[in-house]
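Chain residues, written in single-letter form:
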Amino acid sequence: MINAVPVLETPRLTLRGWRETDFPGFAAFCADEATRRFIPGAETEPKAWQRMCGFAGQWSLRGYGFWALERKDDGAFVGYAGFFHPPDWPEPELGWGSVPAYRGAGFVTEAARRMRAYAYQDLGWKTLVSFIHPENHPSVQVALRLGATHERDHELREMRLGAWRHPSPAQCRD
């Protein structure tokens with residue numbers, strides 16, 4: 001099954017499929033010390049490339065995945081947001097990441113809110129979770145801004161991650 005990645009928009013972003021030109025920004029994200037602390041195993045360029053290709057390929061296998069986030073005003077790659085569901089994950093996850101130069105600008109919150117609306121309205125999902133390392137305070141803050149609540153902890157890939165449950169479709173005002 002090959003699925004085209006739908007292009008979505010927010011006020012400041014275009015959410016689109018991955019391009020080879022996104023790789024330098026994605027590699028910088030993966031090489032960043034803060035990223036390596038919470039997302040191990042993508043610190044080298046070959047590993048970052050493999051991860052990016054996996055993100056792009058999930059669209060073909062599952063019909064959903066991560067979008068690349070492009071800033072509308074200048075076309076800059078600022079990060080990614082969308083859905084991650086490898087075989088060892090208990091359910092699809094709403095995830096996000098921001099290139100170091102664009103952290104704190106609210107891009108991932110804006111994109112994740114749009115992704116959540118897409119999951120509920122277009123995919124018909126009834127629930128959504130984000131798995132976040134408890135020491136990843138910036139991502140916890142994004143989850144809180146999205147109205148997610150800490151449900152419990154999970155052991156995933158030898159890491160303890162908090163499951164942050166997002167509001168149901170009826171509770172969202174997205």
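Since the structure is predicted, the reported quantities are computational estimates derived from the model, not experimental observations.

Mapped onto the elements of the fold, Asp22 is located in the loop between strand E2 (13–16) and helix H1 (23–31). Residues Asp22 and Ala119, 97 residues apart in the sequence, show an inter-C-alpha distance of 24 Å. Beyond its immediate stretch of four places on either side in the chain, Asp22 contacts Arg16, Gly17, Met52, Ala68 and Phe77.

Using a probe with the size of a water molecule, rolled over the atoms, empty space left in the structure can be pinpointed. Considering only enclosed or pocket space, the second largest pocket measures out at about 260 Å³ in volume. Mapped onto the lining of the second largest pocket, the elements with two or more residues apiece are helix H3 (45–62) and strand E4 (77–84). Of the residues belonging to the lining of the second largest pocket, the class tally is seven nonpolar, five polar and three charged.

With that settled, consider the pairing of strand E3 (residues 66–71). Burial analysis of E3 places six of its six residues in the buried class, which makes it a mostly covered element. Side chains Phe66, Ala68 and Glu70 of E3 all project onto a buried face; the interleaved residues Trp67, Leu69 and Arg71 project onto the opposite face, where all are buried too. For E2 and E3, the ladder comprises four bridges, and the chain directions are antiparallel. Within E3, the residue paired with Thr14 across the bridge is Glu70. Note: E3 against E4, five bridges, orientation antiparallel. Each residue of the ladder has a partner; that of Trp67, found in E4, is Ala81. Between the antiparallel neighbours E3 and E4 lie five residues, among them Gly75 with a positive phi of about 75°.

Another point: the pattern of salt bridges. Close approach of charged atoms allows side chains of opposite charge to pair. Taken as a whole and judged by the stated rule, the model has twelve salt bridges. Three or more residues joined by partner-sharing salt bridges are found here, namely Arg16, Arg19, Asp22 and Glu70.

With that out of the way, let us pick up the confidence of the model for the protein chain. In the predicted model, the protein chain carries a mean pLDDT of 88, and 92% of its residues have values of at least 70. For the protein chain, per-element mean pLDDT is lowest for helix H2 (residues 33–38), which scores 68, and highest for E2, which scores 98.

Turning next to the pairing of E2. Here E2 shows a buried face lined by Leu13 and Leu15 and a second buried face lined by Thr14 and Arg16. By the bridge criterion, two bridges tie strand E1 (residues 8–9) to E2 in an arrangement that is antiparallel. Bridge assignment links Glu9 to a residue of E2, and that residue is Thr14. Counted along the chain from E1 to the antiparallel partner E2, the turn is three residues long.

Right, let's get into the packing of H1 against H3. For the pair H1 and H3, interaxial distance at closest approach is 9 Å and the crossing angle is 115°. By the angle between their directions, the pair H1 and H3 is classed as roughly perpendicular. Seen from above, H1 lies across H3 with right-handed handedness. Across the interface between the two elements, Phe23, Phe26, Ala27 and Cys30 of H1 pack against Glu45, Ala48, Trp49, Arg51, Met52 and Phe55 of H3. For the contact of H1 with H3, the class distribution of residues is eight nonpolar, no polar and two charged.

The subject of this paragraph is the nonpolar core. Formed by 53 residues in total, the largest nonpolar core has its most connected members in Leu15, Trp18, Phe26, Trp67, Phe83, Trp96 and Met115. For this core, the element with the highest residue contribution is helix H4 (residues 107–121), accounting for eight residues.

About the criteria used
- Residues numbered from 1 in each chain as written.
- Predicted model: local features only at pLDDT ≥ 70, side-chain atom pairs only at ≥ 80, totals over all residues.
- Heavy atoms only, no water.
- Helix = DSSP H or I, 4+ residues; strand = E, 2+ residues; numbered from the N terminus.
- Contact = heavy atoms within 4.5 Å.
- 1 Å grid on protein atoms, 1.4 Å probe; cavity = no way out; pocket = protein on both sides within 12 Å on 5 of 7 lines; lining within 4 Å.
- Points joined across faces, edges and corners; volume = space filled by probe spheres on them.
- Nonpolar A, V, L, I, M, F, W, Y, C, P; charged D, E, K, R; others polar.
- Buried < 20%, exposed > 50% of the residue type's maximum accessible area, 1.4 Å probe, protein only.
- Pairing = 2+ DSSP bridges.
- Salt bridge = Lys/Arg side-chain N within 4 Å of Asp/Glu carboxyl O.
- pLDDT = per-residue confidence, 0-100.
- Axes fitted to C-alpha atoms, helices over the stretch in contact; angles between N-to-C directions.
- Parallel < 35°, antiparallel > 145°, perpendicular 65-115°, else oblique.
- Left-handed = near helix turned anticlockwise from the far one by under 90°.
- Core = buried A, V, L, I, M, F, W, Y, C linked by side-chain atoms within 4.5 Å.

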